[in-house]
Amino acid sequence: MFDELLRAWDGEEVVVRYDAPSGTWMFVCVHSTALGPAAGGTRMKTYAHPRDALADGLRLSSSMTRKNAVAGLPLGGGKAVLSVPEIPHDEARRSLLLRYADVVESLHGTYWTACDMNTSPADMDVLGERCSSVFGKTEAHGGSGTSAPATADGVFVGIRASAKHAFGTEDLSGRTVLVQGVGAVGSILARLVTDAGARVIVTDVDEIRAKELAVEVDGDVVAPDDAIATECDVFSPNATGGVLSAGSILRLRCRIVAGAANNQLAEPEDAERFTECDILYAPDYVVNAGGIIHLASLEMLGETVEKRDARIAAIGETVTEVFRIADAENMSTERAADRIVQQRLAESAG
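Fair warning: this is a prediction, and the values are worked out from it, not measured in the lab. The numbers attached to residues start from 1 for each chain and follow its sequence in the written order. Where local features are concerned, this predicted model is filtered to residues with pLDDT of at least 70; where side-chain atom pairs are given and counted, the filter is 80 or more; whole-chain, interface and lining totals use all residues. As a rule here, side-chain values cover all heavy atoms of the structure and leave hydrogens and water aside.

**Here we look at the packing of helix α5 (residues 148-167) against helix α12 (residues 305-329)**
Then comes step 1: Whenever a helix is involved, its axis is fitted only over the stretch in contact; in every case the axis is a line through C-alpha atoms, and angles between N-to-C directions fall within 0 to 180 degrees. Helix and strand labels come from DSSP, where a helix needs a run of H or I of at least four residues and a strand needs a run of E of at least two; each type is numbered from the N terminus. Packing of α5 against α12 leaves a shortest axis separation of 8 Å and a crossing angle of 40°. When the axes of α5 and α12 are compared, the pair comes out oblique. The crossing of α5 and α12 is right-handed. Across the interface between the two elements, Ala150, Asp153, Gly154, Val157, Gly158, Ala161, Ser162 and His165 of α5 pack against Ile312, Ala313, Ile315, Gly316, Val319, Thr320, Phe323 and Asp327 of α12.
Then comes step 2: A breakdown of the residues in the contact of α5 with α12 according to their chemical character gives 8 nonpolar, 6 polar and 2 charged. Roughly parallel here means an angle under 35 degrees, roughly antiparallel means over 145, roughly perpendicular means 65 to 115, and every remaining angle is called oblique. By convention, the crossing between two helices is left-handed when the near helix turns anticlockwise from the far helix through less than a right angle, and right-handed when the turn is clockwise. Throughout, a residue-residue contact means that at least one pair of heavy atoms, one from each residue, lies within 4.5 Å. Classification convention: Asp, Glu, Lys, Arg as charged; Ala, Val, Leu, Ile, Met, Phe, Trp, Tyr, Cys, Pro as nonpolar; all other residues, Gly among them, as polar.

**Things to note about the packing of helix α11 (residues 290-300) against α12**
Then comes step 1: With their axes 9 Å apart at the nearest point, α11 and α12 run at an angle of 150° to one another. With respect to α12, the element α11 is oriented roughly antiparallel. Read as a crossing pair, α11 and α12 show a hand that is right-handed. Packed against α11, whose contacting residues are Gly290, Ile293, His294, Ser297 and Leu298, the element α12 presents Val305, Lys307, Arg308, Arg311, Ile312 and Ile315 at the interface.
Then comes step 2: Its residues assigned to classes, the contact of α11 with α12 comprises 5 nonpolar, 3 polar and 3 charged.

**Some remarks on the pairing of strand β4 (residues 76-83)**
The side chains of a regular strand alternate between the sheet's two faces.
Then comes step 1: Only protein chains enter the accessibility calculation, which uses a 1.4 Å probe; a residue whose area is less than 20% of its type maximum is buried, one above 50% is exposed, and one in between is partly exposed. Where burial is concerned, most of β4 is hidden: 8 out of the 8 residues are buried.
Then comes step 2: Going residue by residue along β4, you find Gly76, Gly78, Ala80 and Leu82 tucked away on one face and Gly77, Lys79, Val81 and Ser83 tucked away on the opposite face as well.
Then comes step 3: As defined by bridge partners, strand β3 (residues 38-45) adjoins β4 across 6 bridges and the pair is classed as parallel. Directly across from Lys45, in β4, lies its bridge partner Ser83.
Then comes step 4: A crossover gets the label right-handed when its path from the first strand over the helix to the second runs clockwise, viewed with the strands pointing away from the viewer. Between the parallel elements β3 and β4, the chain passes through helix α2 (residues 50-70) in a crossover that is right-handed. Strands were regarded as paired on the criterion that DSSP finds at least two bridges between them.

From the geometry alone we can't say anything about function, so treat these as descriptive.
Written as structure tokens, this is what we have:
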């Protein structure tokens, strides 16, 4: 059932395990180890079919290769997906995570994992009981804790760099930023742009969460179905991927798109559509790299908080370079970012 997906994939290795006690399909996708061990989060989610879970893992692992390369980290790209019948809790969750930890440990450091959708630092603590290749454990267990604040910081830097390119100034005072998805990252981002003087509009499938945050930041709320067509200066996707498609891009009423969500484009060709609509797109894997920078800097490279912060601040410089290449070569910003990635991968091979 997986052969077509694997034949079309350009990665290195996929480990597939069916966990009979829980009915979970485990997929560990190692896309590239050219720059170092593959690194990426563990996503726990219910899928309609195991094939959909594998497709998600393959796509996300490729994005992690690009993200880690463009961020200048000595890491390759990987992703793990736990396709569960339902999200487990308590002892069932712990047992599943321990069995999954054995799978990751069997790769002997080829793949390093961290939090992702529906997994937490506490879950990483459990993995750490049997696996040495784990980022993002709680501080009590020797990790650096959640990477959400660092991810939000990176997106904020990316938004400011985008504003500088689009409006001539990185000052966000008086600008309107629509934050789609106000979970761990989006809520922090909303506070950051508010503190920078922007007016914030929030939207989330959790209506209560959206309203509470809007009150906190003195912002407004729009329904999820109306968000795409809401007028703003910056549209920031921070929820699930695939939100930017041929249809939705035409409905956007913004000048800039920059957010933390992974795989924002429904298909690669969508990157070309932003130019036609006079929208500046900051590629997701460039601006949302703050999380993996946080983990790798503090936990693998042994760097100081100041050095980590400098790496996150450099996201702005990378975004600016992406825009420069795109303008000079008359290409999409996605293709410009990919050019930087390919250059860094080629340098490692040489």
